[in-house]
Amino acid sequence: MRTERDALGEMMLPEDALYGINTLRAMENFNLGQRPMNRNLIRAIVTVKKAAAITYRDKGLRDTKKENAIIAACDRVLSGACWDSFPLQALQGGAGTSANMNVNEVLANLALLELGHRPGEYEIIHPLDDVNRGQSTNDVFPTALRIAAIGQLRALSEACAQLQTALQEKENAWQSIQKLGRTELMDAVPVTLGEEFGAYAQAISRDRWRLYKVEERLRQVNLGGTAVGLSGGAERKYRFGVVEELRRLTGYGLAAAEYPMDLTQNNDVFVEVSGLVKALAVNLMKISNDLRLMNSGPYGGLGEVRLKALQQGSSIMPGKVNPVLPEMTMQCAMRVIANDTAITMAAAHGEFELNAFFPLIADSLLESLELMTEAVRLFRQKCIETLTPNVEGCEKNLHGTYAFAVGYIAPLGYDQVSEIVRAYPPEKARAVLENKMKELKP
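A quick note: this is a predicted structure, and the numbers were derived from the prediction, not measured.

Asks: How should I be thinking about the overall build of the protein in this particular structure?
Replies: Helix and strand counts for the protein come out as 16 helices and 8 strands. A compact globule built from 442 residues should have a C-alpha radius of gyration of about 22 Å, whereas the protein, at 30 Å, is more than 25% larger. Along the three orthogonal principal directions, the C-alpha set of the protein runs to about 105 × 50 × 35 Å. Counting all 442 residues of the protein, 50% fall into the buried class. A fraction of 72% describes how many contacts in the protein between residues 6 or more apart in sequence connect residues 24 or more apart.

This is the structure:
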């Protein structure tokens, strides 16, 4: 065992532990038994640390040997090693300070090992004085979330593009299949199955475009602003070089914020991104529910499309198959809507120069982005691409209604047509209306 000290006292850690006393205290304080921090967020924090170390080295601001060891430590984590050294829960007090300290400690100890020293020998490489030099949780954590969110946003936008294509293929293939249109779940007018799927494709197209465009609001970062956006403790050469290095490492068009205090204080950009993901969730929920209704039956429902049978649907009713993919998609959408509420409340509760509830914003936003990306992919692959039309069902539902009646309103008038459809069943009403039309001819 080794002993580490901080302002609150001493704690014992395993001799080879890569994390340190700050991480250990957070493990004890925030032991919720829930999910750990998002790995993409941890990778993004490590990428920020790597950019800082490279900048210090290349600008000649620090010892080259020390910075190279920190860079090697970052590369080791980014390669997928040492994940058990990041044990913190997603939700934590302190605006993410524990997460930042966890990364600082792990990188410091990995760098020590790189130089042939033991973990905990912080007089050689220190988690704060070296790994966190010129930084604060308040500029590292928001910058890391922007990086993680951009990567996932691009994946989600691409998933939407593929879903849009799949919907458009159904639009083109089913353009001639007549069916009953419905408003407020009541019989309306004739439409085609292709037209309905064309409308779905348009909705997803808007989602794709909105998600693509909102990335530009995430590209401004407050890295170099340190505690409150005024760059206290950060050298000028470092401030101007670190964002450029981060842009090179990520391949994203990142730029230093014109007013770093704004990005440190305010989290409305994450509310905006979440709102657009929520808009996608709303559209997915609507499309999924339409498919559940059109698939209903097979004998007592609408029976206008057939979802692929994916699994047995009941432990007691033989042969029953449920619309499990639309149901899963709708539940994912509900979670995203719930996350959006959490993000909204957390962002609104930032006081003065910092938001203490940033870990909730980060965890909720990344979960929504990742969940929607996978939900859209599965919905496309297992629901839309495998969907088939039930032409007989469409024709049956259409011809057993008064949907044709709207075509007689212009020549005969609404009141007369309404009186006839109330008085006769559909086929008889059609005959009566045709006779009325003949009477109009000179």
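Asks: Explain the environment of Leu180 here, please?
Replies: With respect to the helices and strands, the residue Leu180 is situated in strand β3 (residues 178-183). In contact with Leu180, not counting residues within four places along its chain, are Asp187, Ala188, Val189, Val191, Asn397, Leu398, Thr401 and Ala403.

Asks: Explain the nonpolar core here, please?
Replies: Soluble, globular proteins show a tendency: their nonpolar side chains are buried together. One finds Leu41, Leu156, Phe197, Leu223, Leu280, Leu291 and Met372 to be the most contacted residues of the largest nonpolar core, which totals 109 residues. Ranked by residues supplied to this core, first place goes to helix α6 (residues 137-173) with 15 residues. With sequence-adjacent residues up to four places away left out, Met372 is seen in contact with Leu156, Val277, Leu280, Ala281, Leu284, Cys332, Ala333 and Val336. Formed by 10 residues, the second largest nonpolar core is a distinct cluster that contains Phe404, Val417, Ala429 and Leu433.

Asks: Please clarify how the state of the cysteines should be interpreted in this entry.
Replies: A covalent bond between the sulfur atoms of two cysteines is what we call a disulfide. One pass over the full model with this rule turns up 0 disulfides. Note on Cys74: no disulfide assigned, nearest cysteine sulfur contributed by Cys82 at a separation of 11 Å. In this model Cys383 remains outside any disulfide bridge; the closest cysteine sulfur is found in Cys332, 13 Å from its own. Relative accessible area serves as the criterion here: at 0%, Cys383 is assigned to the buried category.

Asks: What exactly am I supposed to notice about the side chain of Asn295 here?
Replies: Assignment of secondary structure puts Asn295 in helix α10 (residues 268-295). Residue Asn295 is classed as buried on the basis of its relative accessible area of 18%. Residue contacts for Asn295: discarding those within four places in its chain leaves Val305, Arg306, Leu307 and Pro323.

Asks: Looking at this structure, how should I read helix α8 (residues 236-250)?
Replies: Residue pairs spaced three or four apart in an α-helix point in one direction, given the helix's 3.6 residues per turn. With 15 residues, α8 should cover 21 Å at 1.5 Å per step; its first-to-last C-alpha distance of 22 Å lies within 8% of that length. At Val242, α8 shows its largest kink, close to 25°. The complete set of buried residues in α8 reads Tyr238, Gly241, Val242, Val243, Glu245 and Leu246. Tucked inside the fold, the buried residues of α8 contact α2 (39-58), α6, β5 (220-221) and β6 (255-256). After α8 finishes, the residue Gly251 shows a positive phi value of roughly 80°.

Asks: Just to check I follow, could you spell out the packing of helix α7 (residues 193-218) against α10 for this structure?
Replies: A pair of packed helices is captured by two measures, namely the crossing angle of their axes and the spacing between those axes. Running from N to C, α7 and α10 cross one another at 165°; their axes reach a closest spacing of 9 Å. The pairing of α7 with α10 is recorded here as roughly antiparallel in orientation. α7 and α10 meet at a crossing whose hand is left-handed. Residue composition of the contact of α7 with α10, grouped by class: 19 nonpolar, 1 polar and 7 charged.

Asks: Honestly, the pairing of β3 in this entry has me stumped. Any pointers?
Replies: Strand direction decides the pairing type here: β3 and strand β4 (residues 186-192), joined by 5 bridges, are antiparallel. When the bridges of β4 are listed, Thr183 appears paired with Met186. Counted between consecutive antiparallel strands, the loop separating β3 from β4 contains 2 residues, among which Glu184 sits at a positive phi close to 55°.

Asks: Help me out: how do you make sense of empty space enclosed by the protein in this one?
Replies: Take a probe with the size of a water molecule and roll it over the atoms, and the empty space left behind shows itself. In the structure shown here, the tally under the stated rule is 3 cavities of 30 Å³ or more. The volume enclosed by the largest cavity comes to roughly 60 Å³. Lining the largest cavity we find Ala95, Thr137, Asn138, Phe141, Pro142, Leu263, Thr264, Asn267, Leu354, Asn355 and Phe358. Elements supplying a minimum of two residues to the lining of the largest cavity: α6 and α9 (260-265). The element that contributes the greatest number of residues to the lining of the largest cavity is α6, accounting for 4 residues.

Asks: What's the story with the packing of aromatic side chains in this structure? I'm lost.
Replies: Here the distance between the centres and the angle between the planes together describe a pair of aromatic rings. With the rule as written, the count across this model stands at 9 aromatic pairs. Considering the side-chain rings of Phe141 and Phe358, the 5.3 Å spacing of their centres and the 85° angle between planes classify their relative orientation as edge-to-face. Of this pair, Phe141 sits in helix α6 while Phe358 is found in helix α12 (residues 358-384), placing the two residues 217 residues apart along the sequence. On the basis of relative accessibility, which here comes to 3%, the residue Phe141 falls in the buried class. Relative accessible area serves as the criterion here: at 4%, Phe358 is assigned to the buried category. Following the ring pairs from residue to residue traces out a cluster consisting of Phe141, Phe270 and Phe358. Above the plane of the ring of Phe404 lies Arg430, whose end atom (NZ or CZ) is 4.1 Å from the centre.

Asks: Even after reading the chapter, I still don't get the layout of surface pockets, so can you show me in this structure?
Replies: As a volume, the largest pocket reaches approximately 560 Å³. Lining the largest pocket are 23 residues; nearest its centre among them are Asn295, Ser296, Gly297, Pro298 and Tyr299. Among the elements of the structure, α10, β7 (305-306) and α13 (391-399) are those that each provide at least two residues to the lining of the largest pocket. Element by element, the count of residues in the lining of the largest pocket is highest for α13, at 3 residues. Lys179, Leu180, Gly181, Arg182, Leu185, Glu196, Tyr200, Lys286, Asp290, Leu293, Met294 and Leu302 are the residues that line the second largest pocket.

Conventions adopted
- Residues numbered from 1 in each chain as written.
- Predicted model: local features only at pLDDT ≥ 70, side-chain atom pairs only at ≥ 80, totals over all residues.
- Heavy atoms only, no water.
- Helix = DSSP H or I, 4+ residues; strand = E, 2+ residues; numbered from the N terminus.
- Rg over C-alpha atoms; globule rule 2.2 N^0.38 Å.
- Buried < 20%, exposed > 50% of the residue type's maximum accessible area, 1.4 Å probe, protein only.
- Contact = heavy atoms within 4.5 Å.
- Core = buried A, V, L, I, M, F, W, Y, C linked by side-chain atoms within 4.5 Å.
- Disulfide = S-S within 2.5 Å.
- Expected span 1.5 Å × (residues − 1).
- Bend = angle between axes of the 7 residues up to and from the residue.
- Axes fitted to C-alpha atoms, helices over the stretch in contact; angles between N-to-C directions.
- Parallel < 35°, antiparallel > 145°, perpendicular 65-115°, else oblique.
- Left-handed = near helix turned anticlockwise from the far one by under 90°.
- Nonpolar A, V, L, I, M, F, W, Y, C, P; charged D, E, K, R; others polar.
- Pairing = 2+ DSSP bridges.
- 1 Å grid on protein atoms, 1.4 Å probe; cavity = no way out; pocket = protein on both sides within 12 Å on 5 of 7 lines; lining within 4 Å.
- Points joined across faces, edges and corners; volume = space filled by probe spheres on them.
- Phe/Tyr/Trp six-rings, centres within 6.5 Å; stacked < 30°, edge-to-face > 60°.
- Lys NZ or Arg CZ within 6 Å of the ring centre and 35° of its normal.

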